[in-house]
Amino acid sequence: MVHNPRAGLGCPAAREVCVSKSSATSDRPWSSTAPPGEFRPYISPEESLKEFTIRAVVLGALFGLLFGAVTVYVGLRAGLTVSASIPISVLSISILRAFGRSTILENNIVQTTGSAGESLAAGVMFTIPALIFLGFGSEFTFWRIFPLALLGGWLGVLFMVPLRRQLIVKEHGNLVFPEGTACADVLVAGERGGSFAGRVFWGLGLGGIYTFLMNTVQAWTAQPENRPSWFPGASFRLAITSEYLGVGYIIGPRVAGILFAGGIISWLVMMPAIKFYGQIAGNTPIYPSTIPIPQMTPDDIWRSYIRPMGAGAVAAAGLITLLRTMPTIISALRAGLKDVRVEGGGSASASRIERDVPMRWVIVGSIVIIAMMWVLLTFHPMQGAETRWYQNLFAGVFVVIFGFLFVTVAGRISGLLGNSSNPVSGMSIATLMATCAIFFVAGWTAPNYAVLALMIGGVVCTAAAIAGATSQDLKTGYLVGATPFWQQMGLLIGVTVSTVAIGATLNLMNKGLERYLPTEIPVNIQSLPSGVKIERDTFTYQGKNYALINSLGSHEVPDGEYLYDPATSKIEYQWAQGIGSDKAPAPQARLMATVINGILNQRLPWRLVLMGVMLVIAVEILGVRSLAFATGSYLSIATTGAMFAGGLVRALVEATTKKKDESEASPGALYSSGLIAAGGVFGLLGIIINLLQDPEISTRVPQWVTSIFRLPWRPDLFSFGPKLLGPLAVSSLFGIIMFALLAASLFYFARKKLD
């Protein structure tokens, strides 16, 4: 998981903010990093301020919906996420102030509740979409995603309750929690909230206009590209979106450069090499491709050969990251297990700032989660993935055991190194490998057990992602003097509400970006090739009935889902779902499917996977942290190139201002947060418009909806850019010029000081 890799790296050794409260302690400066013997919360335990109010919870829930959806959109496309805590904090200060005087504790509840959506989204989108790659794309629905995300979110919040005192209170001064400390500083400096929020709104406004004109109006191309004839197999391309520019600025030039370096190796070294040496093969396809290399486009080479190599690279980098943090993991487990006592509930504590959710809630909640997992798998199984009741009970128990293990690890690593270093992908891979190894020994290797393993890994991954962010939120609350009980309640509410947005966004992107590609492949349905199975007997498309078949690891049929016509005995269409396409590659989810399929079925192009592993080992020997490089080698160079442009803007800002711009509350970071939000919101708007223009939408929605909105809409209703601008609308040069103007706006606002 690459999660805001620069977060917290530039935190000063001590932050002091002069306060002017009416309390007796207001006559001396407050410092978020004061040593344990001298530290005091900003709001003393004796003070009673408005905290868990209706407006704070509602606003936090709305932010959870918004940033949860945006995180899913950006994460599926870019393969990484950035922290939303600081933007939510500054927006909360500004918005609540507009409705009357707000307290710092109210703003803290908004930030705590809202940030749950962003962290929950990261855990869900890295795992659950693997259902599509395992051949259960037709089962990838909202009601499959929602309960798994909810169970993982609740598990992560509940298991952080007994760990709070050990990690947050007792380890104050040892565990810095950089994002949580930075967020506390922003809340304390709340009188500057209007200026902070204004910078976010500028990014949201300009980025929104840019994204709407590019995606919906189609005033210029979203991906300028050049495939030079003098360099066959290579493709120079750039995905000129506002969110990639913003992400690149926030992660900084070094991490963005490492990501881009991975893209260069894949797209400008390996792919031309494959094209060059592949000429020897003539018209003979080389596995895993079913197309001869001389006939392959750069995209074909990327899908067939680079993706398996990238999956091997990401898996190796994730495991190396996990091994590197093993001493921390061991110490975290020792400290966590030692501190988990019944007295940790603290429900009868006399002090407001020591009041946690009762420990019995955690115990009962864990039992309920096991029961809900069992009910979900037993009484609402996926078609073709049914398992026995005792196997489902085993899965529920496994979720709780692995959940506690990795929640403890995630909380401590986040405290030491920041949430950016939380190895969620590595822990998820470890969970899947352990689970699949047990399944393999037990002889549970059928596709239904692959789904069961993914369910376990998905819930654990979500719990670990939530725990890393929750620990930062609880640290913020400890510093400002919040009541832990109300923070934990806010987190539970935020998780529950944002799960709706996350499930809906995943489903929306999968449907909105799907395509049916004409593909003729003769298939004998009575004797299917190895790796090909019937997924559904009846599948209707354009009024015609087909059989839906799935291919995974077959030498005869490329991986994917296909519509088979019994009358002609041929595959007629490939059902290319939105998640997994070039617009939403979902690298981590594909990696999870690769791990599961590789262990249980052993159908992998192992030589390609091992090439990726060896590449990562070489990079590590060179002294470069390989996770960002591996992610870049998997993603399209269009994505990593655009993020590198954002990193270059930041390097230019730092060079011209003679200072490092490393704070999450810096002018450039706030404007970039607005750009990211704009790209996500208006990108999703474009997908919704595409769905409303679908000729078959009348068969998917009630008749009254079709009548009121006059569906389907004309395909050219909004996309009038080509008519107005003519050749400019498809010109790569014009697109690059517009992207350069957006980058110039980022440079301007990053150098402009906050008022």
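Residues numbered from 1 in each chain as written. Predicted model: local features only at pLDDT ≥ 70, side-chain atom pairs only at ≥ 80, totals over all residues. Heavy atoms only, no water.

Caption draft 1: Local environment of the overall build of the protein. Looking only at helices and strands, the protein features 24 helices and 11 strands. The burial tally for the protein puts 62% of its 755 residues in the buried class. Long-range pairs, those at least 24 residues apart, make up 79% of the contacts in the protein with a sequence separation of at least 6. Carbon together with sulfur atoms contributes 64% to the accessible area of the protein, which is approximately 28800 Å² in total. (Helix = DSSP H or I, 4+ residues; strand = E, 2+ residues; numbered from the N terminus. Buried < 20%, exposed > 50% of the residue type's maximum accessible area, 1.4 Å probe, protein only. Contact = heavy atoms within 4.5 Å. Areas by Shrake-Rupley, 256 points an atom, 1.4 Å probe, with all protein chains shown as cover.)

Caption draft 2: A look at the environment of Ile-320. Along the chain, the position of Ile-320 falls in helix H10 (residues 298-324). According to the relative accessible area criterion, Ile-320 is partly exposed, its value standing at 22%. On a C-alpha basis, the gap between Ile-320 and Leu-627 in space is 8.6 Å, while along the polypeptide they are 307 residues apart. For Ile-320, the contacting residues outside a window of four places in its chain are Val-616 and Glu-620.

Caption draft 3: Representation of the packing of helix H1 (residues 54-78) against helix H16 (residues 484-512) within the structure. Interhelical geometry of H1 versus H16 gives an angle of 35° and a closest axis separation of 8 Å. Once H1 is placed against H16, the crossing between them reads as right-handed. Seen from H1, the contacting residues are Val-57, Ala-61, Gly-64, Leu-65, Gly-68, Ala-69, Val-72, Tyr-73 and Leu-76; seen from H16, they are Ile-493, Val-497, Ser-498, Ala-501, Ile-502, Thr-505, Leu-506 and Met-509. Residues belonging to the contact of H1 with H16 are distributed by class as follows: 13 nonpolar, 4 polar and no charged. (Axes fitted to C-alpha atoms, helices over the stretch in contact; angles between N-to-C directions. Left-handed = near helix turned anticlockwise from the far one by under 90°. Nonpolar A, V, L, I, M, F, W, Y, C, P; charged D, E, K, R; others polar.)

Caption draft 4: How the structure looks around helix H2 (residues 85-98). The end-to-end C-alpha distance of H2 is 20 Å, a good match for the 20 Å that 14 residues give at a rise of 1.5 Å each. Buried residues of H2: Ser-85, Ile-86, Pro-87, Ile-88, Ser-89, Val-90, Leu-91, Ser-92, Ile-93 and Leu-96, and no others. Phi turns positive, to about 115°, at Gly-100, one or two residues after H2. (Expected span 1.5 Å × (residues − 1).)

Caption draft 5: Region of the structure containing the packing of H1 against helix H21 (residues 667-692). Look at H1 against H21: their axes get within 9 Å of each other, and the N-to-C directions meet at 80°. Taken together, the axes of H1 and H21 lie roughly perpendicular to each other. Here Leu-66, Ala-69, Val-70, Tyr-73 and Val-74 of H1 come into contact with H21, specifically with Ile-676, Ala-677, Gly-679, Gly-680, Val-681, Gly-683, Leu-684 and Ile-687. (Parallel < 35°, antiparallel > 145°, perpendicular 65-115°, else oblique.)

Caption draft 6: Fine view of the pairing of strand S11 (residues 570-576). Within S11, 5 of the 7 residues are buried, which leaves the element mostly enclosed by the surrounding structure. Here 6 bridges tie strand S7 (residues 515-522) to S11, and the two strands are oriented antiparallel to one another. Along S11, the bridge assignment pairs Pro-518 with Tyr-573. Of the strand pairs in this sheet, strand S10 (residues 560-565) and S11 are connected by 5 bridges, and their pairing is antiparallel. Opposite Leu-563, over in S11, you have Tyr-573 as the bridge partner. Joining the antiparallel neighbours S10 and S11 is a turn of 4 residues, in which Ser-569 adopts a positive phi near 55°. (Pairing = 2+ DSSP bridges.)

Caption draft 7: Seen up close, the sheet that holds S10. Read across the open sheet, the 5 strands follow the order S7-S11-S10-S9-S8; overall the sheet is antiparallel. The outermost strands of the open sheet, each flanked by one partner alone, are S7 and strand S8 (532-541). Strand-to-strand twist of the sheet, defined as the mean angle between neighbouring strand axes without regard to direction, takes the value 30°.

Caption draft 8: How the structure looks around the pattern of salt bridges. This structure, assessed with the given rule, holds 16 salt bridges. Close ionic contact of Glu-139 with Arg-144 constitutes a salt bridge, the shortest N to O distance being 3.0 Å. Overall, Arg-144 belongs to the buried group, its relative accessible area being 11%. The salt bridge partner of Asp-356 is Arg-164, with a shortest N-O separation of 2.7 Å. You can see Asp-356 sitting in the loop between helix H11 (326-339) and helix H12 (359-379) and its partner Arg-164 sitting in helix H6 (residues 164-170), a full 192 residues away along the chain. (Salt bridge = Lys/Arg side-chain N within 4 Å of Asp/Glu carboxyl O.)

Caption draft 9: Representation of the packing of aromatic side chains in the model. In the structure shown here, the tally under the stated rule is 35 aromatic pairs. Taken together, a centroid distance of 5.8 Å and an interplanar angle of 40° make the contact between Trp-267 and Trp-302 tilted. Separated by 35 residues along the polypeptide, Trp-267 in helix H9 (residues 242-278) and Trp-302 in helix H10 bring together distant segments of the chain. Look at Trp-267 and you get buried, because its relative accessible area is 0%. Owing to a relative accessible area of 1%, Trp-302 belongs among the buried residues under this scheme. Here the aromatic rings of Tyr-516 and Trp-575 are separated by 6.3 Å at their centres, their planes lie at 0°, and the arrangement is stacked. Taken together, the residues span a long stretch of sequence, with Tyr-516 in strand S7 and Trp-575 in strand S11 at a distance of 59 residues. By relative accessible area, which is 18% here, Tyr-516 ends up buried. (Phe/Tyr/Trp six-rings, centres within 6.5 Å; stacked < 30°, edge-to-face > 60°.)

Caption draft 10: Structural view of the nonpolar core. In this structure, Leu-76, Leu-506 and Met-509 are the most contacted members of the largest nonpolar core, which totals 165 residues. Among the elements that line this core, the one with the most residues is helix H15 (residues 447-480), at 20 residues. For Leu-506, the contacting residues outside a window of four places in its chain are Val-72, Leu-76, Val-124, Met-125, Pro-129, Phe-140, Ile-145 and Ile-579. In terms of nonpolar packing, the next biggest core, distinct from the first, is built from 21 residues, Ile-109, Phe-196, Val-200 and Leu-670 among them. (Core = buried A, V, L, I, M, F, W, Y, C linked by side-chain atoms within 4.5 Å.)

Caption draft 11: Here's a closer look at the pairing of S10. Where burial is concerned, most of S10 is hidden: 6 out of the 6 residues are buried. Side-chain alternation along S10 places Gly-560, Tyr-562 and Tyr-564 on one buried face and Glu-561, Leu-563 and Asp-565 on a second face that is also buried. In terms of strand pairing, strand S9 (residues 544-551) meets S10 through 5 bridges, oriented antiparallel. Paired with Ser-551 across the strands is Gly-560, a residue of S10.

Caption draft 12: Structural context of the confidence of the model for the protein. Looking at the protein as a whole, its pLDDT mean stands at 84, while 90% of the residues score no less than 70. At the level of individual helices and strands, the protein shows its lowest average pLDDT in strand S2 (residues 16-17), which scores 42, and its highest in helix H24 (residues 732-751), which scores 96. Every residue in residues 1-28 is under pLDDT 50, and counting partners more than four places away or in other chains gives 73 contacts. Residue range residues 341-349 is modelled with pLDDT below 50. Its contacts to residues more than four positions away, or to other chains, number 18 contacts. (pLDDT = per-residue confidence, 0-100.)

Caption draft 13: Highlighting helix H17 (residues 587-600). An ideal rise of 1.5 Å per residue puts 20 Å on 14 residues; H17 measures up with 20 Å between its terminal C-alpha atoms. With 12 of 14 residues buried, H17 is to be regarded as a mostly interior element. Among all positions of H17, only Pro-587, Gln-588, Ala-589, Leu-591, Met-592, Ala-593, Thr-594, Val-595, Ile-596, Asn-597, Gly-598 and Leu-600 are buried. Looking one or two residues past H17, Gln-602 carries a phi angle of roughly 55°, positive in sign.

Caption draft 14: Spatial organisation of a nonpolar patch on the surface. On the surface, a cluster of nonpolar side chains totalling about 490 Å² of accessible area is made up of Trp-389, Tyr-390, Leu-393, Val-397 and Ile-401. Inspection of the secondary structure puts Val-397 in helix H13 (residues 389-417). With a relative accessible area of 35%, Val-397 lands in the partly exposed category. (Patch = residues over 30% accessible without salt bridge, like charges linked within 9 Å, V, L, I, M, F, W, Y side chains within 5 Å.)

Caption draft 15: Expanded view of unusual backbone geometry. In this chain, Tyr-287 is followed by Pro-288 through a cis amide linkage whose omega measures 10°. For Pro-288, the position within the fold is in the loop between H9 and H10. Cis geometry marks the peptide bond from Leu-711 to Pro-712, where omega comes out at -5°. With respect to the helices, strands and loops of the structure, Pro-712 is situated in the loop between helix H22 (703-709) and helix H23 (721-725). Look at Gln-542: it is not a glycine, yet its phi comes out positive at around 55°. Position of Gln-542 among the secondary structure elements: in the loop between S8 and S9. For Ser-569, which is not glycine, the phi dihedral falls at a positive 55°. In this structure, Ser-569 sits in the loop between S10 and S11.

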